[in-house]
Amino acid sequence: MTPEQNDVLCRVECDAPMGQLMRRHWLPACMIEEVTEPDCAPLKVRLLGEDIVIFRDSNGRVGALDEKCPHRRASLVYGRNEECGLRCLYHGWKFDVDGNAVDMSSEPVDAALRKTMRTKAYPVQEAGGFIWLWMGDAEDILPFLPPTWAPTAETRISIVKMHGACNWAQVLEGSIDSAHSSSLHSSNMPTAANVSGSTATESAWLRPSADKSPRIEVQKTPFGFRYAAIRRPIVDADKQDYVRMTLFVAPFTVHIPPNDQYNLSQMLVPIDDENTMFYWVAWHPDPAKGIDQDAWRKFCGAEIGKDVEPITFRKKRNVENRYLQDRAAMKAGDFTGIYGIPAQDMAMWESMGVIADRRDDRLGSSDKAIFTFRAQMYRAAQAVAQGQPAIGATEPRIPHVDLASFEGMVPKGDDWRTIGVSEAERRIGPDNAD
Ligand code: FES
Ligand SMILES: [Fe+2]
C-alpha cells in the first residue's frame, strides 16, 4: 500500500474517511462494569480522537458528554455526579444525560445563556456488557442491533480489555490472521491427537492439527467477509480437513473460531490514530456454561491491577520492559517467553510501529484475509468520502446475533461456506463484487 492508501485505511480522527465510516456504526465506549452504580465516578474515554465523559446518573441512566465543559473547557471527569447530573467543579455548571444545562450557578438567574445552554451529548445504548455510542450525525442514526454475544439477556459474557499503543488496523489484521496462531501462540494452542476440535483446558487450547501453513479461502459478504483456514488434521487427513472459520464484521469486529467451551469475539476499537482498545469477549448463551470473568482474565494474562492498570487498561508488561520476555522459559520450550495470548499479540503489533508502514510488506498466500481486509476497507472508506453509504450500514442488515464463526472437522468435498450461515444471511447472500 502507498503511504496515502495506508492513511485512508488507518486514520480515524477528525474528517478522515475511515473515522467517518465508523461514525455510521454504534461504537463501544467502555464496559458496563466501569460505570455500574448510579452516581458512580465518571469515566473518561477517548474514541476516534474525541474525548468523552461517561457517567451513570441517580436514576441509572447513562450519559456520554463532551469531556470538556462548554463554559471554559475544564474537564467534567473531575465533576460531581449527583442528583441526576454531572456538575463541573470549576464554576458549578451542571448537565444532565441529554446534555441540557440544568444549573449554571455562576450566572444570574435571568441570564439569557441559561435558556439555550447545552453541551454535546451522544446517544447511548447498553447491551452485551458494553456501553455503545452513536458518534455520527443524528440523521444517519441506525436502529441498534444487539451484538453477536448477546443473543439473550442471560448469555454469559466475560471480557478482557487491554490498551494497544498502535493503530487499530494492525491490531485487526492480527485477529484475521489464522496462520500466526500456529507459531506465536503455539505454546498456548498445542497439538493433540486425541481431540477433534479446539479443546479448552485451564491453561491451553488443544488443537487437532500440526499444520502451520493453512490454506486460506475468503468469501466477501455485505457486512465484511468470512474466511476459512483449512489445515491437515492429525487423524484421517485423507478424508477430512480441520477448518477454522472467522468472520470480519466491519468496521472492527471479528468472530474468531470457538473452542469446546465458549465462543470468542473481538473488537479492535480506535482510540485515535495511534492507540487502540482491544476487547476480547468469551461468551456462551447458556449462563451455566462458558467461562467466568476472573478465570477468563487470568487465562489471558489480563487481570486488572495485576496485568493491566485500572481505568486506562495500559499493560504492565509492555514495550518498555520487553513484555518481561523470559528467555530461560524459551530455552525450556515456551515459544515466545511472553505470558498470555493478548500480550504475545501486543508485542508483535506494537513492534510494527504506531502506524505500520505497509509499503514493503511481502504478503504470502496465508495472508489472503489480510489482503481482503485492506482492499475492502480502503474502498469502503473511499466510498464514504464520496458520499456513498458505509459498509454494513445499509438495510436490510443481518442481525448480529445471527452471525457465527465455526471450527471443526469438515469432510473433504463439503463447502465450508454453507456452515453456520443463518437464514437471514442466506436471504441476503454473499457479496460477489470484485
Ligand atoms: S469551566 Fe465548567 S463551569 Fe466553568
Ligand atoms: Fe493472536
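Values in this document were obtained by computation on a predicted structure and should not be read as measured data.

**Comments concerning the overall build of the chain**
Here comes step 1: Looking only at helices and strands, the chain has nine helices and 20 strands in total.
Here comes step 2: For the chain, the spread of C-alpha atoms along the principal axes amounts to about 85 × 50 × 45 Å.
Here comes step 3: For the chain, the accessible surface area stands at approximately 19,000 Å², while carbon and sulfur atoms represent 50% of it.
Here comes step 4: Here the chain contributes 50 positively and 61 negatively charged side chains, and the mean placements of these two sets differ by 3 Å.

**Some remarks on the environment of Arg358**
Here comes step 1: Positionally, Arg358 belongs in the loop between helix H7 (341-351) and helix H8 (368-385).
Here comes step 2: For Arg358, a relative accessible area of 2% corresponds to the buried category.
Here comes step 3: Through-space distance from the C-alpha of Arg358 to that of Gln170 is 9.9 Å; in sequence the pair is 188 residues apart.
Here comes step 4: Filtering out sequence-adjacent residues up to four positions away, Arg358 remains in contact with Met1, Asn6, Leu9, Cys10, Ala169, Gln170, Glu173 and Arg374.

**Let's talk about the domain arrangement of the chain**
Here comes step 1: Split by domain assignment, the chain resolves into domain 1 (26-140) and domain 2 (156-428).
Here comes step 2: For domain 1 versus domain 2, the separation of C-alpha centres amounts to 34 Å.
Here comes step 3: Domain 1 puts 15 residues into the contact, and the matching count from domain 2 is 16 residues.
Here comes step 4: For the pair domain 1 and domain 2, the summed buried surface comes to about 1,200 Å²; carbon and sulfur atoms form 68% of the total.
Here comes step 5: Counting the contacts that link domain 1 with domain 2 gives three salt bridges.
Here comes step 6: Between domain 1 and domain 2 we count seven residue pairs in polar contact (both at pLDDT 80 or more) in total.
Here comes step 7: Where the side of domain 1 that touches domain 2 is concerned, the elements lending two or more residues are strand S1 (26-31), strand S2 (43-47) and strand S10 (130-134).
Here comes step 8: The biggest single contributor to the side of domain 1 that touches domain 2 is S1, with five residues.
Here comes step 9: In terms of residue class, the side of domain 1 that touches domain 2 is made up of nine nonpolar, three polar and three charged.

**With respect to the sheet that holds strand S6 (residues 86-87)**
Here comes step 1: Here we have four strands laid out as an open sheet, ordered S5-S6-S7-S8, and antiparallel in their pairing. In this open sheet, the two strands that pair with only one neighbour each are strand S5 (80-81) and strand S8 (101-104).

**Here we look at the coordination of the iron ion (ligand 2)**
Here comes step 1: Around the iron ion (ligand 2), the protein contributes the donor atoms His180 (NE2), His185 (NE2), Asp345 (OD) and Asp345 (OD), which lie 2.1 to 2.5 Å from the metal centre.
Here comes step 2: What the four donor atoms of the iron ion (ligand 2) show is an angle range of 57 to 152° at the metal, which sorts the shape as irregular.
Here comes step 3: Sequence spacing of the donor residues for the iron ion (ligand 2), all on one chain, is H-x4-H-x159-D. Linking His180 in the loop between helix H4 (168-175) and strand S12 (199-200) with Asp345 in helix H7, this pair joins segments that are 165 residues apart in sequence.
Here comes step 4: Using a relative accessible area of 7% as the deciding quantity, one classes Asp345 as buried.

**Some remarks on the pattern of salt bridges**
Once their charged atoms are close, side chains differing in charge can pair, the charge on each being opposite to the other.
Here comes step 1: Enumeration over the complete set of coordinates arrives at 32 salt bridges.
Here comes step 2: Across the pair Lys68 and Glu67 runs a salt bridge whose closest N-O atoms are separated by 3.7 Å.
Here comes step 3: Linking Arg397 and Glu395 is a salt bridge whose minimum nitrogen-to-oxygen distance equals 3.2 Å.
Here comes step 4: With a relative accessible area of 16%, Arg397 lands in the buried category.
Here comes step 5: Residues joined by salt bridges that share partners form a network here, namely Arg80, Glu82, Arg87 and Asp103.

The rules behind these values
Residues numbered from 1 in each chain as written. Chains lettered and ligands numbered in written order. Predicted model: local features only at pLDDT ≥ 70, side-chain atom pairs only at ≥ 80, totals over all residues. Heavy atoms only, no water. Helix = DSSP H or I, 4+ residues; strand = E, 2+ residues; numbered from the N terminus. Areas by Shrake-Rupley, 256 points an atom, 1.4 Å probe, with all protein chains shown as cover. Lys, Arg positive; Asp, Glu negative; His and termini not counted. Charge placed at Lys NZ, Arg CZ, Asp CG, Glu CD. Buried < 20%, exposed > 50% of the residue type's maximum accessible area, 1.4 Å probe, protein only. Contact = heavy atoms within 4.5 Å. Domains from an automatic or database assignment. Buried area = accessible area lost by both parts, 1.4 Å probe. Salt bridge = Lys/Arg side-chain N within 4 Å of Asp/Glu carboxyl O. Polar contact = N/O pair within 3.5 Å; in protein donor to acceptor, adjacent residues only side chain to side chain. Nonpolar A, V, L, I, M, F, W, Y, C, P; charged D, E, K, R; others polar. Pairing = 2+ DSSP bridges. Donors = N, O, S within 2.8 Å, 3.2 Å for Na, K, Ca; no water. Tetrahedral: all angles 85-135°; square planar, octahedral: opposite > 155°, others 65-115°.

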